[in-house]
Amino acid sequence: MNAPADIQHLLPEVNQRPVPDAFLAALQQRFGAQCSTALAVREQHGRDESVFSVPPPAAVVFAESTTDVADAVALCAQHRVPVIPFGVGSSLEGHLLAVQGGISIDLGRMNRVLSINAEDLTVTVQPGVTRKAVNEAVKSEGLFFPIDPGADASIGGMTATRASGTNAVRYGTMRENVLALEVVNARGEVIRTGTRAKKSSAGYDLTRLMVGSEGTLGVITEITLKLYPLPEAISAAVCSFPSIAAAVHTVIQIIQLGVPIARCELIDAGTVRMVNAHSKLGLREEHMLLMEFHGSPASVKEQAETVQELAAEHGGNAFEWATTPEERTRLWTARHNAYFAAIQSKPGCRAVSTDTCVPISKLADCLLDSVAEADASGLPYFLVGHVGDGNFHFGYLIDPDNAEERRVAEDLNVKLVTRALALEGTCTGEHGVGLHKMGFLLDEAGAGAVDMMRTLKRALDPDNILNPGKIFS
């Protein structure tokens with residue numbers, strides 16, 4: 001592996017470039033009150049939910065239009081100053097950290113839903129719109145946008161990291177649900193990729209290239225998304241299991257039998273205890289699956305009955321059903337609050353998050369050995385997973401100032417990723433590479449593929465100003 005867990009590896013490489021006074025003056029002249037160099041503002045834009053800590057950017061520009069973004073990037077290009085897009089700061093892998101200095105472009109004010117095309121099942125939005133705001137805007141049309149990473153992340157950030165989340169087992173990831181983009185390139189030029197048509201074979205697929213590029217190839221300023229009709233019937237269920245193995249084998253059978261389940265999430269017993277304490281819930285403190293079924297009343301009933309039978313074969317019990325929005329929200333609170341419940345269970349801690357994904361047939365092999373290693377380490381942790389598509393997350397809870405705890409957590413992560421890659425999986429199913437997974441990319445993709453990525457980066461961003469120091473060095 002290319003990611004040894006020694007203490008030097010755990011520290012991001014900080015190599016800040018000079019930010020000329022002339023550049024800052026030009027920025028202030030162009031943006032006025034939309035540009036801030038206040039330390040508190042810069043610090044807010046210089047950290048995310050990762051364990052990394054680096055100096056903040058030199059300035060923050062609050063963009064309100066595509067023109068603002070284009071002008072800011074053009075100034076950065078003129079002075080060769082790095083520029084980092086910022087959504088809501090919920091990333092977990094250090095994507096937005098200014099490891100080479102420069103400025104942050106906050107896209108939060110670009111938060112409009114530009115057009116809803118109900119007949120074509122599409123919506124076009126600005127990057128600062130959050131997923132919940134999109135769904136609020138389209139629900140009156142009887143439509144919804146299914147990608148749900150848990151946090152109320154911005155659509156721009158979700159696109160940049162190729163996010164997925166709880167509904168991916170049925171509806172796919174951002175890769176499958178982004179039709180077209182508007183992007184500002186490294187020269188400050190505005191380009192468009194894709195159209196509202198469902199398919200195209202016109203030239204290179206630049207939309208797919210930008211989706212998941214983590215701000216290293218361009219700044220996304222507009223996104224056209226697929227929408228879906230609201231299901232006629234929705235039913236959610238929670239089921240407890242005597243062991244993680246029993247829950248995982250139930251999931252494998254559900255998927256292999258082709259049950260069109262919409263969500264299938266694992267929460268281990270320790271995490272359920274954390275969630276109960278945090279959200280004052282009364283869930284059974286056992287390993288559990290949270291599931292959701294979409295379709296007609298008859299199909300939802302059939303799916304649910306099939307899953308209940310499969311779960312019973314593996315010792316599943318205490319099925320609890322929810323069909324009203326309020327009941328479903330209560331059940332899914334457990335999953336969506338898991339991260340923050342875990343962080344608050346150990347005051348002052350941070351989470352070293354993992355993000356492996358493996359073929360569904362290999363899920364038990366990868367997950368159960370990793371649980372045994374985590375238990376043996378003595379570190380507290382939480383475990384959740386979008387296990388319906390083979391993706392799961394450990395969060396090892398550490399004191400960020402304790403080098404030994406950090407070393408143990410990263411060693412567990414290395415072992416987990418090594419195992420996932422050996423099983424033909426990936427080091428990151430949805431969080432992205434950022435800083436944390438850079439050491440694994442070569443192992444997963446191979447030297448030839450990484451060289452091709454670097455070639456693309458150099459061609460599209462010759463001065464390396466777009467979120468430099470991420471994905472690969």
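Structure: see above.
Note that the structure is predicted; figures quoted are calculated from it, not measured. (Residues numbered from 1 in each chain as written. Predicted model: local features only at pLDDT ≥ 70, side-chain atom pairs only at ≥ 80, totals over all residues. Heavy atoms only, no water.)

## Brief notes about the overall build of the chain
- Scanning the chain for helices and strands turns up 18 helices and 19 strands.
- The C-alpha atoms of the chain give 22 Å as radius of gyration, which agrees with the globular expectation for 473 residues (23 Å, within 12%).
- Counting only C-alpha atoms and orienting by the principal axes, one finds that the chain spans roughly 70 × 55 × 45 Å.
- Of all 473 residues assigned to the chain, the portion counted as buried reaches 56%.
- Looking at the chain alone, contacts between residues at least 24 apart form 74% of all its contacts between residues at least 6 apart.
- Entry remark: accessible area of the chain is about 18,900 Å², with carbon and sulfur atoms responsible for 52%.
- For the chain, the distance from the average position of its 40 positive side-chain charges to the average position of its 55 negative side-chain charges is 3 Å. (Helix = DSSP H or I, 4+ residues; strand = E, 2+ residues; numbered from the N terminus. Rg over C-alpha atoms; globule rule 2.2 N^0.38 Å. Buried < 20%, exposed > 50% of the residue type's maximum accessible area, 1.4 Å probe, protein only. Contact = heavy atoms within 4.5 Å. Areas by Shrake-Rupley, 256 points an atom, 1.4 Å probe, with all protein chains shown as cover. Lys, Arg positive; Asp, Glu negative; His and termini not counted. Charge placed at Lys NZ, Arg CZ, Asp CG, Glu CD.)

## Re empty space enclosed by the protein
- Per the stated rule, a full pass over the model turns up one cavity of 30 Å³ or more.
- In this structure, the largest cavity spans a volume of roughly 50 Å³.
- If you trace the largest cavity, you find it lined by Ser50, Val51, Phe52, Leu92, Glu93, Ala351, Val352, Ser353 and His436.
- In the lining of the largest cavity, the residues fall into five nonpolar, three polar and one charged. (1 Å grid on protein atoms, 1.4 Å probe; cavity = no way out; pocket = protein on both sides within 12 Å on 5 of 7 lines; lining within 4 Å. Points joined across faces, edges and corners; volume = space filled by probe spheres on them. Nonpolar A, V, L, I, M, F, W, Y, C, P; charged D, E, K, R; others polar.)

## Describing the sheet that holds strand E8 (residues 178-184)
- As summarised here, the arrangement of the five strands in space is E5-E6-E10-E8-E9, forming an open sheet in which the pairing is antiparallel. Of all strands in the sheet, those with a lone pairing partner are strand E5 (113-117) and strand E9 (190-194), marking the two edges. Adjacent strand axes in the sheet meet at a mean angle of 15° when their direction is disregarded.
- Both strand E6 (residues 122-125) and strand E10 (residues 219-226) contribute to a ladder of four bridges, which runs antiparallel. Opposite threonine 122, over in E10, you have lysine 226 as the bridge partner.
- Relative to the sheet, helix H4 (residues 66-79) contacts E8, E9 and E10, its axis offset from that of E8 by approximately 50°. (Pairing = 2+ DSSP bridges. Axes fitted to C-alpha atoms, helices over the stretch in contact; angles between N-to-C directions.)

## Examining the layout of surface pockets
- Of the volumes computed, that of the second largest pocket is approximately 900 Å³.
- For the second largest pocket, the lining is made up of 35 residues, of which Arg162, Arg175, Val211, Gly212 and Thr428 are closest to its centre.
- Among the elements of the structure, helix H8 (174-177), helix H9 (206-210), helix H17 (438-445) and helix H18 (447-460) are those that each provide at least two residues to the lining of the second largest pocket.
- When the residues that make up the lining of the second largest pocket are grouped by side-chain class, the tally is 13 nonpolar, 13 polar and nine charged.

## A word on the nonpolar core
- Counting residues in each nonpolar core, the largest one holds 48 residues, and the members touching the most others are Met291, Leu363, Leu367, Leu383, Phe394 and Tyr396.
- Apart from residues no more than four positions distant in its own chain, phenylalanine 394 is found in contact with Val352, Ser353, Thr354, Leu367, Ser370, Val371, Ala374, Tyr381, Phe382, Leu383 and Leu416. (Core = buried A, V, L, I, M, F, W, Y, C linked by side-chain atoms within 4.5 Å.)

## Focus: the pattern of salt bridges
- Summed over the entire model, instances satisfying the criterion amount to 25 salt bridges.
- The salt bridge involving arginine 419 is made with glutamate 373; its shortest N-O contact spans 2.5 Å. Linking arginine 419 in helix H16 (residues 403-422) with glutamate 373 in helix H15 (residues 363-377), this pair joins segments that are 46 residues apart in sequence.
- Counted as one network, the salt bridges with shared partners bring together Arg131, Asp148, Arg263 and Glu292. (Salt bridge = Lys/Arg side-chain N within 4 Å of Asp/Glu carboxyl O.)

## What to know about the environment of leucine 96
- With respect to the secondary-structure elements, leucine 96 resides in the loop between strand E3 (83-86) and strand E4 (103-106).
- Taking the relative accessible area as the measure of exposure, leucine 96 reaches 6% and is therefore buried.
- Separated by 302 residues in sequence, leucine 96 and isoleucine 398 have C-alpha atoms that sit 22 Å apart.
- In this view, leucine 96 contacts His45, Gly46, Arg47, Asp48, Ile84, Pro85, Phe86, Gly89, Ser91 and Lys470; residues no more than four positions away in its chain are not counted.

## Focus on the pairing of strand E13 (residues 263-267)
- For E13, the tally of buried residues reaches five of five residues, placing the bulk of the element in the interior.
- Because side chains alternate across E13, one face comprises the buried residues Arg263, Glu265 and Ile267, and the other comprises Cys264 and Leu266, equally buried.
- Strand direction decides the pairing type here: E13 and strand E14 (residues 287-295), joined by five bridges, are antiparallel. Bridging from a neighbouring strand, glutamate 265 pairs with leucine 290 of E14.
- Relative to strand E18 (residues 381-386), E13 runs antiparallel, the two being bridged by two bridges. By the bridge assignment for E18, leucine 266 is matched with glycine 385.

## Overview of helix H10 (residues 244-256)
- Compared with the 18 Å implied by 1.5 Å per residue over 13 residues, the 18 Å span of H10 between its first and last C-alpha is a close match.
- If you check which residues of H10 are buried, you get Ile244, Ala246, Ala247, Val248, Thr250, Val251, Ile252 and Ile254.
- Residues of H10 that are buried sit in contact with strand E12 (233-241), E13, E14, helix H12 (297-313), H15 and E18.
- Just downstream of H10 lies glycine 258, where phi reads positive at about 80°. (Expected span 1.5 Å × (residues − 1).)

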